[in-house]
Amino acid sequence: MAKRFPEIIINFKIYTEGFGKAGHRIAEAAETVMNETGVIIGIAPGYMDLHPMSMHYSLPVYAQHIDPVKPGAGTGHILADAVVSAGACGTLINHSEKRLTLADISLAVEIAKSVHLETIVCTNDVFTSAAAAAFSPEFIAIEPPELIGSGVSVSSADPGIIENSVRAVKNVSGSTKVLAGAGIHSGNCIKTAMDLGADGVLLASGVVKAKDPYAVLTDLAGGVI
Ligand SMILES: O=C(CO)COP(=O)(O)O
């Protein structure tokens, strides 16, 4: 039976292939694969696509970032409340390409929780994973920066970081789930990550830049155990 949280989350980043019509092609493929396999697939499109995609698809939709600010006299910020209004169910926080200070991660998680937005805090090593777990986010996504976008999977290149992050996170916050990310591109990568204790994966280029996102997603979903 399918678990009740996404085991695969696709970050569309700011890739040309990830917004507008091209982005919809990926979301459509994700929805088809989710319906065919029962594996829950989340998407993190750009802000402009949050509302249309949350209206069009039954996929869980995540923002790529929120700012650690509350509504009021500020300009140009990404508000947690606003991404909720746009239909997002959660948000990435502290992605490797959008780093925050520890104090800001803490505040962003607190603000997100106050508006019932699921939090996925991205981390770069085991120590940061343990530190972020203290905020009890729903997910921690461990992504070694040097492997991001490399096509070389964290599962094979650095299995220890997954295993040790899972242990460190569960020691601090038993209910926080751990996603593994960086270079994930196949069902085998997911299976290995889950064998190492991960609850799922966060990935981008392997799907977003694929010629046939449906084929890649079908293979990916086949690796979910
Ligand atoms: O940064 C990532 C997902 O948030 C990982 O990116 P890649 O899957 O392209 O390595």
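Residues numbered from 1 in each chain as written. Predicted model: local features only at pLDDT ≥ 70, side-chain atom pairs only at ≥ 80, totals over all residues. Heavy atoms only, no water.

Caption draft 1: Fine view of the UniProt feature "binding site: substrate" (unreviewed entry) in the chain. Per the UniProt annotation, the sites labelled "binding site: substrate" (unreviewed entry) are N11, F12, K13, I148, G183, A204 and S205. What stands out for the annotated residues spanning 195 residues is how close their C-alpha atoms remain, the widest pair being 14.2 Å apart. In this fold, K13 is placed in the loop between β1 (8-11) and α1 (20-37). Sequence-distant contacts of K13, that is, excluding residues within four places in its chain, are made with A44, Q64, H95, E97, I148 and A204. With respect to the helices and strands, I148 occurs in the loop between β6 (139-142) and α6 (154-157). Sequence-distant contacts of I148, that is, excluding residues within four places in its chain, are made with K13, S96, E97, E143 and A182. (UniProt positions renumbered as here; feature names shortened; annotations may be inferred. Helix = DSSP H or I, 4+ residues; strand = E, 2+ residues; numbered from the N terminus. Contact = heavy atoms within 4.5 Å.)

Caption draft 2: Local environment of the nonpolar core. I8, I10, I41, I43, I162, L217 and L220 are the most contacted members of the largest nonpolar core, which totals 63 residues. The dominant element in this core, judged by the number of residues it contributes, is α1, at 6 residues. What I43 contacts, discounting residues up to four positions off in sequence, is I10, F12, A27, A30, M53, L59, P60, V61 and Y62. Core analysis: the second largest hydrophobic core is formed by 11 residues, I9, A44, Y62 and A141 among them. (Core = buried A, V, L, I, M, F, W, Y, C linked by side-chain atoms within 4.5 Å. Buried < 20%, exposed > 50% of the residue type's maximum accessible area, 1.4 Å probe, protein only.)

Caption draft 3: The packing of aromatic side chains, seen in detail. As enumerated under the stated definition, the model contains 1 aromatic pair in all. When the ring centre of F5 is taken as reference, the NZ or CZ atom of K177 above it lies at 4.9 Å. Positioned over the ring face of F139 is K177, at 5.6 Å from the centre of the ring. (Phe/Tyr/Trp six-rings, centres within 6.5 Å; stacked < 30°, edge-to-face > 60°. Lys NZ or Arg CZ within 6 Å of the ring centre and 35° of its normal.)

Caption draft 4: Local environment of unusual backbone geometry. Positioned with a positive phi, S136 is a non-glycine residue whose angle comes to about 50°. As for its placement among the helices and strands, S136 is situated in the loop between α5 (126-133) and β6. By relative accessible area, S136 is classed as partly exposed at 34%. Positive phi, normally seen in glycine, also occurs at A182, with a value near 110°. Along the chain, the position of A182 falls in the loop between β7 (177-181) and α8 (187-195).

Caption draft 5: Fine view of the UniProt feature "active site" (unreviewed entry) in the chain. As recorded in UniProt, the sites labelled "active site" (unreviewed entry) are H95 and E143. The greatest C-alpha distance among the residues just named is 8.8 Å, despite their covering 49 residues of sequence, which places them together in space. Relative to the helices and strands, H95 resides in the loop between β4 (90-93) and α4 (102-114). In this structure H95 touches N11, K13, C122 and E143, once residues within four positions along its chain are discounted. With respect to the helices, strands and loops of the structure, E143 is situated in the loop between β6 and α6. Taking the relative accessible area as the measure of exposure, E143 reaches 5% and is therefore buried. Here E143 is in contact with H95, C122, T123, N124, I148, G181, A182 and L202, once residues within four sequence places are set aside. A polar atom in the side chain of E143 sits 3.3 Å from the side chain of H95. (Polar contact = N/O pair within 3.5 Å; in protein donor to acceptor, adjacent residues only side chain to side chain.)

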